[in-house]
Number of protein chains: 2
Amino acid sequence: MLTLYSFGPMANSLKPMLTLFEKFEHGRDFEVHRLNPAQFEHHSDWYKAIHPRGQVPALADRGRVVTESTVICEYLEDEHPTEVVLRPADSFDRAQMRVWTKWVDEYFCWCVSTIGWHRGISHMAKALSDEAFEEHLKNIPIPEQQVKWRRAREGFPQDLLDEEMRKIAVSVRRLDDQLADNEWLAGGLYSLADICNFAIANRMQVGFAELVNGEDTPHLVRWIEQINERPAVKQMLATIPSERLGPPPEESRKEPAPA
Amino acid sequence: MLTLYSFGPMANSLKPMLTLFEKFEHGRDFEVHRLNPAQFEHHSDWYKAIHPRGQVPALADRGRVVTESTVICEYLEDEHPTEVVLRPADSFDRAQMRVWTKWVDEYFCWCVSTIGWHRGISHMAKALSDEAFEEHLKNIPIPEQQVKWRRAREGFPQDLLDEEMRKIAVSVRRLDDQLADNEWLAGGLYSLADICNFAIANRMQVGFAELVNGEDTPHLVRWIEQINERPAVKQMLATIPSERLGPPPEESRKEPAPA
């Protein structure tokens, strides 16, 4: 039995989770151990005994732990090939797939992540007392993550947020251009390139509706909807709960949700 | 015949170049088309017809172009397997290799690159007239690269340089710790993990001697020297010239080289 340690089906956690749902039977071949980000469970001692860097997702397979979401996806194809093939057989197409998964990890995920933190995590960070916050920071093994939490609590500078929004606009333009002439991102088949980009792009029609909509990015919207129709995606979303990381309900009532 | 478009044997250009020298015979199986960074040849129209993003390295293989240094390395293993195997056969070990190549691309190479630009490229950028510089910027397809050139000309802010030096210290500590108990970075064999990290770490004993030296990082120094003893590395360095991107000679005479 494979065990995926992750948050709910979004962002980096979604990548290996959807790969598992595409390839295997949930409950028989794999299970999802969902950590609670609101309780900082990924920074707890029990989890850091599994992954010392305190990051999700991580995959445990017969006593060995594989980390890094994109690496886990390729590992599943390497170690557990099934009838569902999520990597092109042709080397050149496979290279194109890797250019797209690499691009997610180095560009697309970061700009979306910062805005996600600004809108969601910052509420969690601000809700803590100074003492509880500093106590929490001590449990984070990666210095850059400590800085990100501190920024989330203090508020991200506006020029950084503007720059990230510029990069998001560049990103969705790039995806839409590629998907205008291609059903899938690489190699003519639904692959890890699609899964890893979908992990970030899904629900941007809601959260970034000014950028991702039927008029400006029709091909990207078509592709997001097409992936949402897949049985594996429906099963994943019906089985594994998503987190709600926005402002708490009372705050939502006071002010409109951020654009 | 494979053609690698690249700069000289350092940084990202070194990764696929060394992979080629390890696996194939130079002049028979592959050639290196070296671009001149001092003439901004990678931003020229002829090269952008090959790689529209104007970045090196790129590999041309029977009319198809593979980009991104790490992706090219895996492509060579996928498409052109030889007796020299640079990826672990075991899936878990291969995943560890990918964690290390990913780490180079997302962390280690960036901090070293900024300091390299500060010490080297900035001299090139400052030597241009305002007009020539703005003309050059127009040829750069990637907005973030335009920003980097502008910063190189204006001078990188000191707090950014300090932060990058902190990350470099973290990086070499991490490498030394891993190499203390392991001859190679992943899977018990010389692999793409070693090649991709060596591409950035080689010559840090000279350029970053305060961090990389026999006392502070003996295992990292041992590993760098061990890789330099490989016939493929010796042949590569003897065959493909390196650039000299530091200050021009007259400036070197005026002031000591940067630490």
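Right above here is the structure, for reference.
This text gives an overview of the structure that appears in the document. (Residues numbered from 1 in each chain as written. Chains lettered and ligands numbered in written order. Predicted model: local features only at pLDDT ≥ 70, side-chain atom pairs only at ≥ 80, totals over all residues. Heavy atoms only, no water.)

Quick look at the relation of the copies chain A and chain B
Line of reasoning, step 1. Least-squares fitting of chain A to chain B yields an RMSD of 0.0 Å, with the superposition described by an axial translation of 0.0 Å and a rotation of 180 degrees. Interpreted geometrically, this transformation is the action of a two-fold axis. Within chain A, E106 of chain A has its C-alpha nearest the rotation axis, a separation of 3.2 Å. (Least-squares fit on C-alpha atoms with pLDDT ≥ 70 in both.)

What about the packing of helix α1 (residues 11-23) of chain A against helix α8 (residues 192-201) of chain A?
All names here are of chain A.
Line of reasoning, step 1. Between α1 and α8, the least distance of the axes is 8 Å, while the angle of their chain directions is 140 degrees. It follows from the interaxial angle that α1 and α8 lie oblique. Judged by the twist between their axes, the crossing of α1 over α8 is right-handed. Mapping the contact onto sequence places A11, L14, K15, L18, T19 and E22 in α1 and L192, I195, C196, F198, A199 and I200 in α8. (Axes fitted to C-alpha atoms, helices over the stretch in contact; angles between N-to-C directions. Helix = DSSP H or I, 4+ residues; strand = E, 2+ residues; numbered from the N terminus. Parallel < 35°, antiparallel > 145°, perpendicular 65-115°, else oblique. Left-handed = near helix turned anticlockwise from the far one by under 90°. Contact = heavy atoms within 4.5 Å.)

As for empty space enclosed by the protein
Line of reasoning, step 1. Following the criterion strictly, the structure yields one cavity of 30 Å³ or more and no others.
Line of reasoning, step 2. Lining the largest cavity we find 16 residues, and of these T70, T101 and K102 of chain A together with T101 and K102 of chain B sit closest to its centre.
Line of reasoning, step 3. Only α3 (69-79) and α4 (91-127) of chain A together with α3 (69-79) and α4 (91-127) of chain B provide two or more residues apiece to the lining of the largest cavity.
Line of reasoning, step 4. Here the lining of the largest cavity is built from residues that sort into two nonpolar, four polar and ten charged. (1 Å grid on protein atoms, 1.4 Å probe; cavity = no way out; pocket = protein on both sides within 12 Å on 5 of 7 lines; lining within 4 Å. Points joined across faces, edges and corners; volume = space filled by probe spheres on them. Nonpolar A, V, L, I, M, F, W, Y, C, P; charged D, E, K, R; others polar.)

Concerning unusual backbone geometry
Line of reasoning, step 1. V56 of chain A connects to P57 of chain A through a cis peptide bond whose omega is 0 degrees.
Line of reasoning, step 2. Residue position: P57 of chain A is located in the loop between α2 (45-48) and β3 (58-61).
Line of reasoning, step 3. The backbone of R62 of chain B sits at a positive phi, close to 50 degrees, despite the residue not being glycine.
Line of reasoning, step 4. Take R62 of chain B: it is sitting in the loop between β3 (58-61) and β4 (64-67).
Line of reasoning, step 5. A residue is classified by how much of its surface remains accessible, and R62 of chain B, at 60% relative accessible area, is exposed. (Buried < 20%, exposed > 50% of the residue type's maximum accessible area, 1.4 Å probe, protein only.)

Focus on the sheet that holds β3 of chain A
All names here are of chain A.
Line of reasoning, step 1. Read from one edge to the other, the open sheet built from four strands follows the order β2-β1-β3-β4, with strand pairing classed as mixed. On the outer flanks of this sheet lie β2 (30-34) and β4 (64-67), each paired with one strand and no other. Pairwise comparison of adjacent strand axes, ignoring direction, gives a mean angle of 20 degrees for this sheet.
Line of reasoning, step 2. Pairing of strand β1 (residues 2-6) with β2, which is carried by five bridges, proceeds in the parallel orientation. (Pairing = 2+ DSSP bridges.)

Here's the deal with α1 of chain A
All names here are of chain A.
Line of reasoning, step 1. For α1, with 13 residues, the first-to-last C-alpha span of 19 Å sits near the 18 Å given by 1.5 Å per residue.
Line of reasoning, step 2. With eleven of its 13 residues buried, α1 lies for the most part within the structure.
Line of reasoning, step 3. Of all the residues in α1, the buried ones are S13, L14, K15, P16, M17, L18, T19, L20, F21, E22 and K23. (Expected span 1.5 Å × (residues − 1).)

Observations regarding helix α6 (residues 143-154) of chain B
Residue and element names in this part refer to chain B.
Line of reasoning, step 1. End to end, α6 covers 17 Å across twelve residues, agreeing with the expected 16 Å (1.5 Å per residue, within 8%).
Line of reasoning, step 2. Among the residues of α6, those classed as buried are Q145, K148, W149, A152 and R153. The buried residues of α6 all sit within an arc of 135 degrees when viewed along its axis, so they share a single face.
Line of reasoning, step 3. Structurally, α6 contributes buried residues whose contacts are with α4 and α5 (130-138).
Line of reasoning, step 4. The positive-phi residue at the C-terminal boundary of α6 is G155, with phi of around 105 degrees. (Arc of directions from axis to C-beta.)

Observations concerning the packing of aromatic side chains
Line of reasoning, step 1. Tallied over the entire structure, the rule returns 22 aromatic pairs over all chains.
Line of reasoning, step 2. Centroid distance W103 of chain B to Y107 of chain B: 6.2 Å. Interplanar angle 15 degrees. Geometry classified as stacked. One end of the pair, W103 of chain B, and the other, Y107 of chain B, are both in helix α4, four residues apart, so they sit about a helical turn from each other. In terms of burial, W103 of chain B and Y107 of chain B fall into one category: buried.
Line of reasoning, step 3. Site record: aromatic cluster; members linked through ring pairs are W100, W103, Y107 and F108 of chain A.
Line of reasoning, step 4. Above the face of the F208 of chain A ring, R119 of chain A is positioned so that its terminal group lies 4.5 Å from the ring centre.
Line of reasoning, step 5. One residue, R230 of chain B, lies across the ring of Y190 of chain B, its end atom 3.6 Å from the ring centre. (Phe/Tyr/Trp six-rings, centres within 6.5 Å; stacked < 30°, edge-to-face > 60°. Lys NZ or Arg CZ within 6 Å of the ring centre and 35° of its normal.)

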